[in-house]
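Residues per chain are reported as follows:
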Amino acid sequence: MSRLFGTDGVRGVANGLITAELALSLSQAAAVVLGHRRAEPGRRPVAVVARDPRVSGEFIAAAVEAGLASAGIDVHDAGVLPTPAAAFLVADSGADFGVMISASHNAAPDNGIKFLGRGGHKLDDAVEDEIETEMSQEPARPVGADVGRIRRFSDAEDRYVVHLLKSLGESTLRGVKVVLDCAHGAASGCSPQAFTDAGAEVVVIGADPDGLNINDGYGSTHLERLREAVCEHRADLGIAHDGDADRCLAVDHTGDVVDGDQIMAVLALALKERGELREDTLVVTVMSNLGLKLGMRAAGIEIVETAVGDRYVLEGMRAGDYSLGGEQSGHLILADYATTGDGLLTGLQLASRVAATGTPLRELTAAAMERLPQVLINVDGVDKARAKSHEEVQRAVAAVEERLGEAGRVLLRPSGTEPVVRVMVEARSADDARDEAQHLAEVVRRELAL
């Protein structure tokens, strides 16, 4: 039987994989594993439940909350909020765990159920496996006064926004004009509020969720409208969230995209300048651009690399007690303020750097790093298991690495879910990156053909 939990909770088509019955069973099992087994003796466990605005979240949240309450868990219903808000509220309220109902950047027909442990942290694989095992057991069925209560978390959004504003300290965003693209998602209410309260002049797009339009032509996976709006309104920068707002990408005043690597570079320099970059170290994945690593090396900042995925970035950060890490996709974790990626927090910190320095974002990114041309080719229909051990393939990789020298990089990575080998090459010129990537892709296709 395949594992129910994926890399970010349980995700699939709503009323396909993610049914009301599954949501009920999952939440009843989580009530035991995350609630009763780990709660303080004599105290009824408490869970925070939040969701993004997709229409299926309404019935899934109802099923989750019913399952939790029926198993003796008190539920604080936080309504529509970003994933990082749910994580913050779990920690801030002292809840035993949290549930976020969202499919992030996926289209509206999908949905997902993600659990957060005490303190707002993502679950380890072993705890997720414990929940799956518990699903096969008869659920707890308390009666009378022992069943849980479901109450509205009435000040959830305000508490989260106040937390975001506190992260700015004495700084404000006065004098900064920003366009916010909320992806018709969970940030549609609190992101404009936070940026406005911080003093920015705010233009908002993609903030009219109707349950069906989440991520549809807006947000961090569709930056065209944001680029146009930044130029049209002559804004200093633009911030794009995804559906659950746990990440963000940016656009400078010329309409050029600023990716997660560039945002990390700017924030790492800002934190180092303030003495807040612990161990002068930044945690990134193997997919981060070589230009980021070269730029950080020049600034005296060490790089710790992890496997792809924000959970691995988090593991690396926690292992070394580092304060900043993230992914090229825009998942950034500022550990002094958040336990997970937070697109609103990241956007506020980036805008704050523009305001504090009086320097355009374009110049800040150029000073922090030079993004080297990066070409990624997915080679399908091959035996991915042999990619890292096949002698001819490895000789070809070594030859390309020798030709590129320190000004380039090669990454050959088997996909975790498909019969695909990902070939990524970075080089000083786009032509070199493209030519070398195509060459390696042909070697992989020829040598590893099924």
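Residues numbered from 1 in each chain as written. Predicted model: local features only at pLDDT ≥ 70, side-chain atom pairs only at ≥ 80, totals over all residues. Heavy atoms only, no water.

**Comments concerning the overall build of the chain**
Item 1. Counting its regular elements, the chain contains 14 helices and 18 strands.
Item 2. A compact globule built from 450 residues should have a C-alpha radius of gyration of about 22 Å, and the chain, at 23 Å, falls within 12% of that.
Item 3. Dimensions along the principal axes, computed over C-alpha positions, put the chain at roughly 75 × 60 × 40 Å.
Item 4. Nonlocal contacts in the chain, meaning residues at least 24 apart in sequence, comprise 72% of its contacts between residues at least 6 apart.
Item 5. In the chain, which carries 45 positive and 70 negative side-chain charges, the distance between the mean positions of the two groups comes to 1 Å. (Helix = DSSP H or I, 4+ residues; strand = E, 2+ residues; numbered from the N terminus. Rg over C-alpha atoms; globule rule 2.2 N^0.38 Å. Contact = heavy atoms within 4.5 Å. Lys, Arg positive; Asp, Glu negative; His and termini not counted. Charge placed at Lys NZ, Arg CZ, Asp CG, Glu CD.)

**Quick look at helix H4 (residues 125–134)**
Item 1. Those residues of H4 not exposed but buried are Val127, Glu128, Ile131, Glu132 and Glu134. One side of H4 holds all its buried residues, which, seen down the axis, span an arc of 165°. Every exposed residue of H4 that faces more than 90 degrees away from the buried side is listed here: Ala126 and Thr133. (Buried < 20%, exposed > 50% of the residue type's maximum accessible area, 1.4 Å probe, protein only. Arc of directions from axis to C-beta.)

**Structural notes on the packing of helix H1 (residues 20–36) against helix H2 (residues 56–70)**
Item 1. Contact pair H1 / H2: the axes reach a minimum separation of 7 Å and the direction vectors enclose 35°. Regarding H1 and H2, the two cross each other, and that crossing is right-handed. On the side of H1, the interface is formed by Ala20, Ala23, Leu24, Ser27, Gln28 and Ala31, while H2 contributes Phe59, Ile60, Ala63, Val64, Ala66, Gly67, Leu68 and Ser70.
Item 2. Here the contact of H1 with H2 is built from residues that sort into ten nonpolar, four polar and no charged. (Axes fitted to C-alpha atoms, helices over the stretch in contact; angles between N-to-C directions. Left-handed = near helix turned anticlockwise from the far one by under 90°. Nonpolar A, V, L, I, M, F, W, Y, C, P; charged D, E, K, R; others polar.)

**Things to note about empty space enclosed by the protein**
Item 1. In this structure the tally under the stated criterion is three cavities of 30 Å³ or more.
Item 2. Space inside the largest cavity adds up to approximately 50 Å³.
Item 3. In terms of lining residues, the largest cavity is bounded by Phe5, Asp8, Gly9, Lys114, Phe115, Lys122, Leu123, Glu128 and Arg311.
Item 4. Split by residue class, the lining of the largest cavity holds three nonpolar, one polar and five charged. (1 Å grid on protein atoms, 1.4 Å probe; cavity = no way out; pocket = protein on both sides within 12 Å on 5 of 7 lines; lining within 4 Å. Points joined across faces, edges and corners; volume = space filled by probe spheres on them.)

**A word on the pattern of salt bridges**
Item 1. Across all of its chains, the model carries 41 salt bridges by this definition.
Item 2. Residue arginine 278 is joined to aspartate 321 by a salt bridge in which the shortest nitrogen-to-oxygen separation is 3.7 Å. You can see arginine 278 sitting in the loop between helix H8 (260–273) and strand E12 (281–285) and its partner aspartate 321 sitting in the loop between helix H10 (310–320) and strand E14 (324–326), a full 43 residues away along the chain.
Item 3. Each of Arg3, Asp125, Glu128, Asp129 and Arg311 takes part in a single network of salt bridges with overlapping partners. (Salt bridge = Lys/Arg side-chain N within 4 Å of Asp/Glu carboxyl O.)

**With respect to the packing of H8 against helix H12 (residues 361–368)**
Item 1. Two elements in contact, H8 and H12, have axes separated by 9 Å at closest approach and are oriented at 85°. On the basis of their axis angle, the class for H8 and H12 is roughly perpendicular. Contact with H8, carried on its side by Gln262, Ala265, Val266 and Leu269, involves Leu364, Thr365 and Ala368 of H12 and no other residues of that element.
Item 2. Each residue belonging to the contact of H8 with H12 can be placed in one class, and the counts come to five nonpolar, two polar and no charged. (Parallel < 35°, antiparallel > 145°, perpendicular 65-115°, else oblique.)

**With respect to the sheet that holds strand E1 (residues 10–13)**
Item 1. Taken in spatial order, the six strands line up as E1-E5-E4-E2-E3-E6 in an open sheet, and their pairing is mixed. Two strands close off the open sheet at either side, each with one partner strand: E1 and strand E6 (150–152). Neighbour to neighbour, the strand axes of the sheet diverge by 20° on average, direction disregarded.
Item 2. Judged from the six bridges that link them, strand E2 (residues 46–51) and strand E3 (residues 74–80) form a sheet pairing that is parallel. In the strand pairing of E3, alanine 47 is matched with valine 75. (Pairing = 2+ DSSP bridges.)

**Section: the layout of surface pockets**
Item 1. Each pocket or cavity is described by its volume, and for the largest pocket that value is around 1,000 Å³.
Item 2. Around the largest pocket sit 28 residues that line it, and Thr7, Val308, Gly309, Glu327 and Arg413 are the ones nearest its centre.
Item 3. At the level of secondary structure, the elements contributing two or more residues to the lining of the largest pocket comprise H10, strand E16 (374–380) and strand E17 (409–414).
Item 4. Top contributing element to the lining of the largest pocket by residue count: H10, with three residues.
Item 5. Taken together, the residues of the lining of the largest pocket sort by class into six nonpolar, twelve polar and ten charged.
Item 6. What the second largest pocket holds in volume is close to 230 Å³.
Item 7. For the lining of the second largest pocket, the elements supplying multiple residues, two or more each, are H8 and helix H11 (343–357).

**Quick notes on the packing of aromatic side chains**
Item 1. For the structure shown, the criterion picks out two aromatic pairs.
Item 2. With a centroid separation of 6.4 Å and 55° between ring planes, the pair formed by phenylalanine 5 and phenylalanine 115 is classed as tilted. A residue pair is termed long-range when its members are at least 10 positions apart, and phenylalanine 5 in the segment before E1 and phenylalanine 115 in strand E5 (residues 110–116) qualify at 110 residues.
Item 3. For phenylalanine 5, a relative accessible area of 4% gives the class buried.
Item 4. Ring centres of phenylalanine 88 and tyrosine 160 lie 6.4 Å apart, and the angle between their planes is 45°; on these two criteria the pair is classed as tilted. Highlighted residues: phenylalanine 88 in helix H3 (residues 83–93) and tyrosine 160 in helix H5 (residues 156–166), separated in sequence by 72 residues. The burial state of phenylalanine 88 is the same as that of tyrosine 160; both residues are buried. (Phe/Tyr/Trp six-rings, centres within 6.5 Å; stacked < 30°, edge-to-face > 60°.)

**Side note on the side chain of arginine 422**
Item 1. By the secondary structure assignment, arginine 422 is in strand E18 (residues 420–426).
Item 2. Taking relative accessible area as the criterion, arginine 422 reaches 19% and is therefore assigned buried.
Item 3. Within the structure, the side chain of arginine 422 is placed 2.9 Å from the side chain of asparagine 378, a separation counted as a polar contact.
Item 4. Side-chain polar atoms of arginine 422 contact the side chain of serine 415, separated by 3.3 Å.
Item 5. Contacts of arginine 422, omitting those with residues within four sequence positions, involve Leu376, Ile377, Asn378, Leu411, Leu412, Arg413 and Ser415. (Polar contact = N/O pair within 3.5 Å; in protein donor to acceptor, adjacent residues only side chain to side chain.)

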